[in-house]
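# Understanding the architecture of this molecule
In case you want the letters, here they are:
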Amino acid sequence: MSSDRIDAESKVSGNQANIPARIRRELDIDDGDQLRWHLEDDGSIRVQVIQQQTGTFADFDGYAGEESSDVTSEHDAWGVDESRRLSSANQNAKRSGDVDVE
């Protein structure tokens, strides 16, 4: 890349500088993306665009385990000791007049 070439210009205001629209479009820079700045030995600046990953589970491919689960009955019991869960279930059953849960 020639050092004479000017792709775009912007002004600094306070501690901020705008990225010209043409550069944003060309590099697909969007809100939430990060810019990583590198000061070179010759005094030039190199900027690397770190694009934000979208979606909470962007890299999640799904559960590939061998153990099946029943999420409707196990959801609220995740991480709860089995004897404590059964004790709680028995207390709830007694309140409603049902029989003990095994």
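As the structure is a prediction and not an experimental result, all values here were calculated from the model.

What follows deals with the UniProt feature "domain: SpoVT-AbrB" (unreviewed entry) in the protein. The feature "domain: SpoVT-AbrB" (unreviewed entry), as given by UniProt, occupies residues 19-47 in the numbering adopted here. Helix makes up 24% of residues 19-47 and strand makes up 31%, while its end C-alpha atoms are separated by 11 Å.

On to the pattern of salt bridges, then. Under the counting rule described, the total for this entry stands at one salt bridge. Note that Glu40 is salt-bridged to Arg46, the shortest N-O span being 2.9 Å.

Once that is clear, we can look at the pairing of strand 4 (residues 45-50). Two strands pair when backbone bridges link them, and strand 3 (residues 34-39) and strand 4 are joined in this way by six bridges, in the antiparallel orientation. Bridging across to strand 4, Leu35 finds its partner in Val49. The hairpin turn running from strand 3 into strand 4, its antiparallel successor, is five residues long, and Gly43 in that turn takes a positive phi close to 95°.

Reading the values: rules and limits
All residue numbers refer to positions counted from 1 along the written sequence of the respective chain. Local features in this predicted model are restricted to residues whose pLDDT is 70 or higher, and side-chain atom pairs enter the listing and the counts only when it is 80 or higher, whereas totals over whole chains, interfaces and linings include all residues. Values reported for side chains reflect all heavy atoms of the structure, with hydrogen atoms and water molecules removed beforehand. UniProt positions are given in the numbering used here, feature names are shortened, and annotations may be inferred rather than shown by experiment. By definition, any uninterrupted DSSP run of H or I lasting at least four residues is a helix, any uninterrupted run of E lasting at least two residues is a strand, and each is numbered from the N terminus. When a carboxyl oxygen of Asp or Glu is within 4 Å of a side-chain nitrogen of Lys or Arg, the pair counts as a salt bridge. What makes two strands pair is DSSP finding at least two bridges between them.

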